[in-house]
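In case you want the letters, here they are:
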Amino acid sequence: MPVVAAAPLISSVQKLVLYETRARYFLVGSNPAETKYRVLKIDRTEPKDLVIIDDKHVYTQQEVRELLGRLDLGNRTKMGQKGSSGLSRAVSAFGIVGFVRFLEGYYIVLITKRRKMADIGGHAVYKIEDTNMIYIPNDSVRVSHPDEARYLRIFQNVDLSSNFYFSYSYDLSHSLQYNLTVLRMPLETLKTETTQTRQESFDIFEDEGLSTQGGSGVFGICSKPYEKYVWNAKLLEAVRTAVHRDWLLYIIHGFCGQSKLLIYGRPIYVTLIARRSSKFAGTRFLKRGANCEGDVANEVETEQILYDASVMSFSAGSYSSYVQVRGSVPLYWSQDISTMMPKPPITLDQADPYAHVAALHFDQMLQRFGSPIIILNLVKEREKRKHERILSEELVAAVTYLNQFLPPEHAIIYIPWDMAKYTKSKLCNVLDRLNVIAESVVKKTGFFVNRPDSYCSILRPDEKWNELGGCVVSTGRLQTGVLRTNCVDCLDRTNTAQFMVGKCALAYQLYSLGLIDKPNLQFDTDAVRLFEELYEDHGDTLSLQYGGSQLVHRVKTYRKIAPWTQHSKDIMQTLSRYYSNAFSDADRQDSINLFLGVFKPAEGKPHLWELPTDFYLHHKNTLSLSQTRPSYTYWWTTGVLKHLPLPFDEVTCAENRRKLTVKKFHKYEEEIDIHNEFFRPYELSSFDETFCLAMTNSTRDFMPKNVGIDPSPFTVRKPDETGKSVLGNKNNREETVLQRKTAASAPPPPSEEAVSSSSEDDSGTDKEDEGAVSQRSTPVKVTDTGDNAKITENVVQSTKDVYGVNLSDIPSEDDLAIYARFVQLGQSQHKQDKGSQQFCSKRPLDKVISLIPISSFSQDNIYEVQPPRADWKSIEIFHAHIQAGRGNMQPLGRDDFLMYREYIRNRYM
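Residues numbered from 1 in each chain as written. Predicted model: local features only at pLDDT ≥ 70, side-chain atom pairs only at ≥ 80, totals over all residues. Heavy atoms only, no water.

**Brief notes about the side chain of aspartate 119**
Position of aspartate 119 among the secondary structure elements: in strand E8 (residues 106–120). Within polar-contact distance, the side chain of aspartate 119 engages the backbone nitrogen of glycine 122 at 3.4 Å. Apart from residues no more than four positions distant in its own chain, aspartate 119 is found in contact with Ala124, Gln258, Tyr269, Tyr307, Phe678 and Phe691. (Helix = DSSP H or I, 4+ residues; strand = E, 2+ residues; numbered from the N terminus. Polar contact = N/O pair within 3.5 Å; in protein donor to acceptor, adjacent residues only side chain to side chain. Contact = heavy atoms within 4.5 Å.)

As structure tokens, this is what we get:
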């Protein structure tokens, strides 16, 4: 019986070199081992068209060298001339972002620097560090346009080195649950897909020598990305059908961070991935509500992934994930910023009595997440002047209307909670209330885990575990439904609420993997501190992307343990956000519209900077009326309701199978060998550059450094016991220099002031983490000798901290006298010469214990001890006791009877 498995397809184009001639660009791509090559030919003689030729052939290293040699020789100005090369090397890269055209010819955007940010089961996730934009047409055919340079500047305002991520083997646009569900498709389906693929097109990677009847093989699976979270889909549109899939590299925008949780040496990786939607994307006040297609502003899907890093395989390892969503209220609403007010009034732009836009939005969520959809609305309920409450009233009406037509078991759940009101109250604890909401939410949706419940959970189940929702399958659990959190801006309040829900889900994830005995985590533990830092980095990054500044109200703010010194910095960040919203957001919005292809420059059309508004660009129904009128009652997509609570996108059906590319390989082929991809045995590795050693570590960065401390990351610590408070004091900040590379760097502590919802999403300041270097920032080594000496002194703890006494102090006279007597006793102990030993041997004590000196030196007190001798009566009693213990009682003798009679007479007569 052949052994058949499934694995993600690994792109064979991970290193690129661009070669240039006068007439063409040759883009040579190879796998990491540089054993397989592909070549793209890009024509440079076309002034405005993009002509790309992919011969679909896989070259060896020798064949590529011969090809480049022939191209070099054939493109020289004179035959045999050695002085000037006909083929020059232009740039080295790691992937193609895409191709873009404004008013002249096409540009190619290449990734020239990358940095590893996370590892998911051996699949690396990279962050773009730098890009290079190259104009394709030759100068001799270039048709210049006066506005080309301005469009180029606007396009480059989207900083691709800021929080854009990609992977060669892991689909970042989908959740872990989707990616692993696809790998567990039925075997018959995979065989069918392989046969269909072979009939449609020939590819050298297909079935390389494999027999369909026998032989061991692995199905390589590649799914179509979810375009809502792909930011370069429009940039790749021109070449998607013309080139092999390995050339296509899909990037996401948002956040990615990973930390290591060490549980008595067992490495557990905690990963946080945020995917920002590319639909209706923009800045804070310029993108509010939803567009006509149901896409909302500031929509971000946040996924927390937990897995045991000691086992790397997707099939054999233990993986768990939980997904939640944030996004603007799905209504037609906006805020007019022309009044220059800190809080512009909220206005409803269109009447929507049948909740059409909300129906489209929740239909998308039902397809991707299943049911139930839970809405946590954090906007104000009580206001002196009606402001945020406008959104709540309209959202309640929309949800009530849509729920009339859904089955009751799949109805949308609406949870309103005025977080600002609870924050101002001194009698209420905000996080306690959020924890109650989080427990109820996680119990309804469940979470994903790829292994069945452990035997101990079945034998001694926790009472909360039995109430857990989701879908239980033979291979584990599936998350069904999702929590959708919103406030007005979906920044500060939303991030705190998502953290509390994520913390609750993290406890269940750890429990499902058998790492804790109860699904409960407490604050001030190393695990929660590590998770809180990830979420604050996540919130800061998303706030910078949408609002122009970092968070101001953090978890510490709502716990009311933030330092008072933070308040002045919060005011500066509030002013920074106001400035960004008032003066720079319009330019950022134009850049996003151009980058995402929402606006396409063309001759005879108004330029981007001449448009009074971009409303019609994002609302397509303003330019053309739809030919089909949507139903007012059956507002969901056909087939979605039939599979609920499971998400339609994860159901095995013909429509979903068409989104997959399935091919069969030998099990050791590079295209599916994740061991080879992760360890890179053909490369020289350095411990200093190893990602798993540089990432944030719960033991190194959070656990106290005192002797005798419980090393468990689930032990509650005092605030002054953390690893960061020991090593990360202000004196050491001069020695440890952190160079921030991304907005995902460590966040500052928040303000201690009571949080007012009126300053809802005012941002915080940027302060470096005190302590060890995070993997989200690049350390700069300090080479000064004096500084190194200071670091050593600070790291080595004093004897007072370790033993409770300071050994450098001079002992008192009484202590010295006691110590002298102790030394005398030790010196005189067991000291006896051979004469005294012979004298002692004549005593009757010789039969009990005998000390025989065994050292050749008379001053030594090392003796051989003989075991004491026992008489026959004692030995007989001992043996009788042993036999009695074994149940073998000896018969009583005459003396025993006489003794027993005497006992009874004295006791009872």
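Next comes the rest of the write-up.
**Some thoughts on unusual backbone geometry**
Between serine 371 and the following residue, proline 372, the backbone shows a cis peptide bond with an omega angle of 5 degrees. Along the polypeptide, proline 372 turns up in the loop between helix H5 (356–369) and strand E18 (373–377). In this chain, leucine 644 is followed by proline 645 through a cis amide linkage whose omega measures 10 degrees. Tracing the backbone through its elements, the reader meets proline 645 in the loop between helix H16 (640–643) and helix H17 (654–657). The backbone of lysine 56 shows a phi angle near 60 degrees, a positive value even though the residue is not glycine. Mapped onto the secondary structure, lysine 56 falls in the loop between strand E5 (52–54) and helix H1 (61–74).

**Details of the pairing of strand E9 (residues 123–135)**
A large share of E9 lies buried, amounting to ten of its 13 residues. Pairing of E8 with E9, which is carried by twelve bridges, proceeds in the antiparallel orientation. Each residue of the ladder has a partner; that of leucine 110, found in E9, is asparagine 132. The hairpin formed by E8 and E9 contains two residues between the paired strands, and glycine 121 there has a positive phi angle of roughly 60 degrees. Alignment of E9 against strand E10 (residues 164–166), held across two bridges, turns out to be antiparallel. Bridge pairing in E10 links tyrosine 126 to phenylalanine 166. (Buried < 20%, exposed > 50% of the residue type's maximum accessible area, 1.4 Å probe, protein only. Pairing = 2+ DSSP bridges.)

**Let's talk about the pattern of salt bridges**
Opposite charge on two side chains allows them to pair when their charged atoms are near. The final tally for this structure, using the stated rule, is 37 salt bridges. Aspartate 614 is the partner of lysine 287 in a salt bridge, and the nearest nitrogen-oxygen pair spans 3.0 Å. You can see lysine 287 sitting in the loop between strand E13 (266–276) and strand E14 (300–308) and its partner aspartate 614 sitting in the loop between helix H14 (566–595) and helix H15 (615–618), a full 327 residues away along the chain. As far as the burial class goes, lysine 287 and aspartate 614 line up, both buried. With its nearest N and O atoms 2.8 Å apart, the salt bridge here joins aspartate 526 to arginine 717. Of this pair, aspartate 526 sits in helix H12 (residues 526–547) while arginine 717 is found in the loop between helix H20 (698–701) and helix H21 (723–727), placing the two residues 191 residues apart along the sequence. (Salt bridge = Lys/Arg side-chain N within 4 Å of Asp/Glu carboxyl O.)

**Some words on the sheet that holds strand E2 (residues 15–20)**
An order of E5-E4-E3-E2-E6 is seen for the five strands of this open sheet, with the pairing classed as antiparallel. A single partner strand is all that each edge strand has here, and the edge strands are E5 and strand E6 (88–93). In this sheet, neighbouring strand axes are inclined to one another by 20 degrees on average, regardless of whether the strands run parallel or antiparallel. Direction of pairing for strand E4 (residues 37–43) relative to E5: antiparallel, over a ladder of three bridges. Residue pairing for E5: lysine 41 is matched across the bridge by isoleucine 53. (Axes fitted to C-alpha atoms, helices over the stretch in contact; angles between N-to-C directions.)

**Section: the environment of leucine 594**
Tracing the chain through its elements places leucine 594 in helix H14. A residue is classified by how much of its surface remains accessible, and leucine 594, at 4% relative accessible area, is buried. In this structure, the C-alpha to C-alpha distance between leucine 594 and phenylalanine 155, residues 439 residues apart in sequence, is 6.2 Å.

**Some details on the nonpolar core**
The biggest cluster of nonpolar side chains holds 87 residues, and the ones touching the most others in it are Phe362 and Trp635. Sorting elements by how many residues they give to this core places helix H11 (residues 492–512) first, with eleven residues. With near-sequence residues (within four places) excluded, tryptophan 635 lies in contact with Ala359, Phe362, Asp363, Leu366, Leu402, Phe405, Leu406 and Ile412. (Core = buried A, V, L, I, M, F, W, Y, C linked by side-chain atoms within 4.5 Å.)

**Considerations on helix H8 (residues 430–445)**
End to end, H8 covers 23 Å across 16 residues, agreeing with the expected 22 Å (1.5 Å per residue, within 8%). Backbone nitrogen of leucine 431 and a side-chain oxygen of the N-cap are separated by 3.1 Å at the start of H8; the cap is asparagine 429. Immediately beyond the C-terminal end of H8, within one or two residues, lies glycine 446, with a positive phi of roughly 70 degrees. (Expected span 1.5 Å × (residues − 1).)

**With respect to the side chain of aspartate 462**
Here aspartate 462 lies in the loop between helix H9 (455–459) and helix H10 (463–466). Separated by 2.9 Å, the side chain of aspartate 462 and the backbone nitrogen of lysine 464 make a polar contact. Setting aside chain neighbours within four positions, we find aspartate 462 in contact with Tyr511, Lys518 and Pro519.

**Quick look at the packing of H8 against H11**
Look at H8 against H11: their axes get within 9 Å of each other, and the N-to-C directions meet at 55 degrees. Here H8 is positioned oblique relative to H11, judged by the angle of their axes. At the point where H8 passes H11, the crossing takes the right-handed sense. Contacts between H8 and H11 involve Leu431, Leu434, Asn435, Ala438, Glu439, Val442 and Lys443 on the former and, on the latter, Thr496, Ala497, Met500, Val501, Lys503, Cys504, Ala505 and Tyr508. When its residues are assigned to classes, the contact of H8 with H11 shows ten nonpolar, two polar and three charged. (Parallel < 35°, antiparallel > 145°, perpendicular 65-115°, else oblique. Left-handed = near helix turned anticlockwise from the far one by under 90°. Nonpolar A, V, L, I, M, F, W, Y, C, P; charged D, E, K, R; others polar.)

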